[in-house]
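Descriptive structure summary
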Amino acid sequence: MPQPLPLEDGKLSAGQREQYWADGFLFPLQVMSATEARTLRSELEKIERDWLEADLPLPLNTYKRVNSHCVMPLAHGIGSDPRILDVVEGVLGPNIMVYSVEFFIKEPKTTQIVSMHQDLTYWGLGAVDGLVTAWLSLSPATPASGCMDFVKGSHKNPILPHTDTFDDNNLLSRGQEVAVEVRESDKHPIEIHPGQISLHHGLTIHGSGPNTTGDRRIAAVIRYCTPEIAQQTGGEDYATLVRGEDVQKNFVPVPAPSTLFSKESLDLYQHIRAAQAKVMMKGAKGETGMYT
């Protein structure tokens, strides 16, 4: 098990910042105790039990996978956690927005994978440095459970060509896969455990294999950005300011949800989802339940 990197008063050291920009990723970073992470997992799984058969406009899994922070106070609380923000500030600086929060789950003994891809491919934000993903482990993410694999230094590429597979076994919205050869020897397994995060650049090539273990692989995945970046190919876009100032006003602000799946938050969620679908699925030859 990799040992967590030592933080300086909860923040990245100068050397760790340099390592992030050299490699395009950084891990493992302990931001909370394993006990607290397991409590968050329990809260999420209670929501799954309580709301699975609820009369929601969309399937519960859609709300978990797309913009959870809009309708789930649990997700918003994770995205705005000051301990995570303290780490992210070392990459993005003092002004930080949450672009999205999603719960990414691989069920035990399943074959679903995430193909090798770059996050920024279809988001309409361009090949920017001002976006970082924090991947918080709520259960062990190991090679056996399908942890992420990163390609070191791949964030120095532009947005590369991708192929849409729409494979039912692929957890991505379009089954997108980078159209370049990625050798197994180039993949670095990102093993992290409950309460730890990894960080990766929006252009870092990454993916993950199947979960062969008897436990769920559960992560809260937070996309953070600076206020300076902006939607380039669509119309309005949405984000939540969680630290500092937003002088640019490039994003429509998303308020924290007051309760689970309130009518107001569900209405806003659907508006955001429709706007983002025009960008995320632009040019797609198929469709997926997340953005239909």
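To start, this report covers the structure provided alongside it. All values derive from a computational prediction rather than experimental measurement. (Residues numbered from 1 in each chain as written. Predicted model: local features only at pLDDT ≥ 70, side-chain atom pairs only at ≥ 80, totals over all residues. Heavy atoms only, no water.)

1. Regarding helix α1 (residues 14-23)
Those residues of α1 not exposed but buried are Q16, Y20 and D23. Take α1 and look down its axis: the buried residues cluster within an arc of 90°, on one side only. Packing partners of the buried residues in α1 comprise β1 (25-30), α5 (82-92), β4 (131-137), β5 (148-151) and β9 (196-201). Looking one or two residues beyond α1, the residue adopting positive phi is G24, at roughly 90°. (Buried < 20%, exposed > 50% of the residue type's maximum accessible area, 1.4 Å probe, protein only. Helix = DSSP H or I, 4+ residues; strand = E, 2+ residues; numbered from the N terminus. Arc of directions from axis to C-beta. Contact = heavy atoms within 4.5 Å.)

2. Considering the pattern of salt bridges
Applying the stated criterion across every chain, the model contains 16 salt bridges. Note that D86 and R243 form a salt bridge whose closest N and O atoms lie 2.8 Å from each other. Linking D86 in helix α5 with R243 in strand β12 (residues 238-243), this pair joins segments that are 157 residues apart in sequence. Notably, a salt bridge pairs E102 with R223, separated by 3.5 Å at the nearest N-O pair. (Salt bridge = Lys/Arg side-chain N within 4 Å of Asp/Glu carboxyl O.)

3. Some thoughts on the packing of aromatic side chains
Inspection of the entire model under this criterion finds eight aromatic pairs. With a centroid separation of 4.7 Å and 55° between ring planes, the pair formed by Y63 and Y269 is classed as tilted. Here Y269 lies in helix α6 (residues 263-280) and Y63 lies in helix α3 (residues 60-65), a separation of 206 residues in the sequence. Across the pair, Y269 and Y63 agree in class, each one buried. Taken together, the ring pairs connect W51, Y63, F261 and Y269 into an aromatic cluster. Across the ring face of F104, the terminal group of R65 is positioned such that the distance to the ring centre comes to 4.1 Å. (Phe/Tyr/Trp six-rings, centres within 6.5 Å; stacked < 30°, edge-to-face > 60°. Lys NZ or Arg CZ within 6 Å of the ring centre and 35° of its normal.)

4. Comments concerning the sheet that holds β9
Across the sheet, which stays open at both edges, the seven strands sit in the order β1-β9-β4-β11-β2-β12-β13 with mixed pairing between neighbours. The open sheet is flanked by β1 and β13 (252-253), the only strands paired with a single partner. (Pairing = 2+ DSSP bridges.)

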